[in-house]
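Each chain, written out:
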Amino acid sequence: MRFLGIDCGTQSLKLLAWDPEKRKSWSTSEEYGLIQGLRPGHKEQDPQVWIQALETCFAKFRREGFDFTRIEGVGVSGQQHGLVVLDDSDRVIRPAKLWNDTSTQPQCAAVVERAGGPQAYQREIGNLLPPGFTASKLLWLKENEPNNYRQVRTFFLPHDYLNFYLTGEKTAEPGDASGTGYFQVAERQWSLRALKWIDPERDLSQGLPRLIASAEPAGEVRSQLQKKWGFSKGVTVSSGGGDNMMGAIGTGNVEPGVLTVSLGTSGTIYAYSESPVIDPAGEIAAFCDSTGGWLPLGCTMNVTVATEMVRKQLLQVDHPRSERLAASVPAGSDGLLLLPYLEGERMPNVPAGTGVLLGLRPSSCTPGHLARAAMEGVTFGLRFGRKRLETLGVSSDEIRLTGGGARSPLWRQIVADIFGLPAVCPADLEGPAFGAALQAFWRRSGEEMRQVSRNHLKLDESTRCRPDKVRADLYDRLFEVYQRLSVQLIQSDVFPAHRSFIQGRT
């Protein structure tokens, strides 16, 4: 008995096979990129690259002699908020606009204005409308590509599209749907009013996939794919969910007390709640999770985006060398502070934001200082989210780390010191992919998810880091500077003026 987890991310697709009896997993991945040459703020990807990457991962498993006849279930995790549009023949019309696409800010403002303002919109949805959410992408398509918009008959999130590819069924589930901007989080249902705010002249509800509960199956793997991949008959695809929802399952964040911090392309910080958590300021997203609860979540757009920019473009070194350089510099980087809003930011909501270095001096203009300041700066951004969660009554006593950045021992300790909490990684660092496989098992087992998690999730105690009081106190002081710098720049007109200058030259 084995289960597959598929994680469709921004930079790669991961395929994980998990054997719950042997407590063993196998994984592989295939990288891909974004469409190049688009204007600043536009982030797009052809959904076909996800399918090609999935086929490549299956081929890699086959070359290793993996036995697919033992697969009993499949779960899919997908990058949230992206818009995949299909025509009346179920063909993809255009590339997907992704979660980190900030080009739809004017459409966000228009939708919220039609709703009667931010408070009215939030009363209906439970969230405000940042440009990353799906709703504004539909209006952008209508206003900028009317011919494509007229052809739209179905609109999916990325994980919904992969479920459709696997099963031929058009479904959606509450966790991922709650990041669209046209889903009522507290009620767990589509918002017909919000769809009218996007397009008053068209019944967009006709393009929605069928909503299923997180414990329901999306369908069975299509017979054509079963034969192609060597599956036995009747392999079920679970509801799946967004990468954050699957990451919650994969890190054991299915009951109160755990705080998941994901150090991926973007950064996310979230915790389980048994009731909806609505943030009047809109800084924390009110999401459903993919087990039947809720998942208040903060998201920053710039984590490994920033550290990789410094490593590749400024330092031009490999990961081990970058780690050694950063470790050679004391905590706080001798006052060098990075505000990592490279191409806009979502928490806080600064679509026009850019990166800022404060404290650059001859003594701190070294490769090690730049490498460490990047790690610390993006972690401060995530601490901003933890502070807001606490304000909303969501407390935690342990951090579960996931994402590529969690592989770094130095970064794990920086997280523990900046947050002032112990931090540990699950034994399987592929959190969303493992969570997708675990959800597929949960659907088959009939057990409660908390019990499934307690029985099958293992923590890697060798990765556990405890905060050091001296470093934690230093980071507290530096975080105050980080917040003040951020607030002052946001409240000024520097970011919009700078964005206008950039756009005027491109």
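Residues numbered from 1 in each chain as written. Predicted model: local features only at pLDDT ≥ 70, side-chain atom pairs only at ≥ 80, totals over all residues. Heavy atoms only, no water.

Peer 1: Explain the state of the cysteines to me, using residue names and the numbers behind them.
Peer 2: Considering all chains together, one arrives at 0 disulfides under this definition. Sulfur of cysteine 8: no disulfide; nearest cysteine sulfur belongs to cysteine 57 and is 11 Å away. We note that cysteine 108 lacks a disulfide partner, and the nearest cysteine sulfur, in cysteine 299, lies 14 Å from it. (Disulfide = S-S within 2.5 Å.)

Peer 1: Can you tell me about the side chain of glutamate 255, naming the residues and giving the values?
Peer 2: On the secondary structure map, glutamate 255 appears in the loop between helix H10 (243–250) and strand S16 (257–263). A polar contact of 2.8 Å, which involves the side chain of glutamate 255, links it to the side chain of arginine 454. In contact with glutamate 255, other than residues within four places in its own chain, are Tyr272, Arg450 and Arg454. (Helix = DSSP H or I, 4+ residues; strand = E, 2+ residues; numbered from the N terminus. Polar contact = N/O pair within 3.5 Å; in protein donor to acceptor, adjacent residues only side chain to side chain. Contact = heavy atoms within 4.5 Å.)

Peer 1: I'd like a description of the packing of aromatic side chains, backed by residues and values.
Peer 2: The tally for this structure, following the rule as stated, stands at 25 aromatic pairs. When the centroid spacing of 5.0 Å and the interplanar angle of 45° are considered together, the rings of phenylalanine 61 and phenylalanine 66 count as tilted. Here the two residues phenylalanine 61 and phenylalanine 66 agree in accessibility, since each one is buried. Members of the aromatic cluster, joined through ring pairs, are Trp26, Phe58, Phe61, Phe66, Phe68, Trp229 and Phe231. Residue placement shows arginine 188 over the ring face of tryptophan 294; its charged tip is 4.6 Å from the ring centre. Sitting over the face of the ring of tyrosine 165, arginine 222 holds its NZ or CZ atom 5.2 Å from the ring centroid. (Phe/Tyr/Trp six-rings, centres within 6.5 Å; stacked < 30°, edge-to-face > 60°. Buried < 20%, exposed > 50% of the residue type's maximum accessible area, 1.4 Å probe, protein only. Lys NZ or Arg CZ within 6 Å of the ring centre and 35° of its normal.)

Peer 1: Residue-level account of helix H14 (residues 409–419), with values.
Peer 2: Within H14, 10 of the 11 residues are buried, which leaves it mostly tucked inside the rest of the structure. Here H14 has its buried residues at Leu410, Trp411, Arg412, Gln413, Ile414, Val415, Ala416, Asp417, Ile418 and Phe419. The first or second residue beyond H14 is glycine 420, which carries a positive phi of 70°.

Peer 1: Give a detailed account of the pattern of salt bridges, specifying residues and quantitative values.
Peer 2: Tallying each qualifying case throughout the model produces 28 salt bridges. Across the pair glutamate 308 and arginine 311 runs a salt bridge whose closest N-O atoms are separated by 2.8 Å. Taken together, the residues span about one helical turn, with glutamate 308 and arginine 311 both in helix H11 (residues 304–315) at a distance of 3 residues. (Salt bridge = Lys/Arg side-chain N within 4 Å of Asp/Glu carboxyl O.)

Peer 1: Could you give an account of the side chain of histidine 456, with specific residues and numbers?
Peer 2: Tracing the backbone through its elements, the reader meets histidine 456 in helix H16 (residues 449–456). Sequence-distant contacts of histidine 456, defined by excluding residues within four places in its chain, comprise Trp18, Pro20, Arg23, Phe434, Leu438 and Phe441.

Peer 1: How would you explain the sheet that holds strand S17 (residues 267–271) if you had to name every residue and give the values?
Peer 2: Read from one edge of the open sheet, 6 strands run S18-S17-S16-S21-S22-S23, paired in mixed fashion. Each edge of the sheet is formed by a strand with only one pairing partner; in this case those strands are strand S18 (297–300) and strand S23 (459–465). The mean inter-strand angle of the sheet, taken between neighbouring strand axes irrespective of direction, is 25°. Note: S16 against S17, 5 bridges, orientation antiparallel. In the strand pairing of S17, serine 262 is matched with threonine 268. Sheet contacts for helix H13 (residues 367–391): S16, S17, S18 and strand S21 (396–402); angle to S17, the most-contacted strand, approximately 20°. (Pairing = 2+ DSSP bridges. Axes fitted to C-alpha atoms, helices over the stretch in contact; angles between N-to-C directions.)

Peer 1: Which residues make up the packing of helix H1 (residues 47–63) against helix H6 (residues 158–167), and what values go with them?
Peer 2: In contact at an axis separation of 11 Å, H1 and H6 are set at 55° when each is read in the N-to-C sense. In terms of orientation, H1 lies oblique with respect to H6. Note on packing geometry: the crossing formed by H1 with H6 is right-handed. Contact residues: Pro47, Trp50, Ile51, Leu54 and Glu55 in H1; Pro158, Tyr161, Leu162, Tyr165 and Leu166 in H6. Taken together, the residues of the contact of H1 with H6 break down into 9 nonpolar, no polar and 1 charged. (Parallel < 35°, antiparallel > 145°, perpendicular 65-115°, else oblique. Left-handed = near helix turned anticlockwise from the far one by under 90°. Nonpolar A, V, L, I, M, F, W, Y, C, P; charged D, E, K, R; others polar.)

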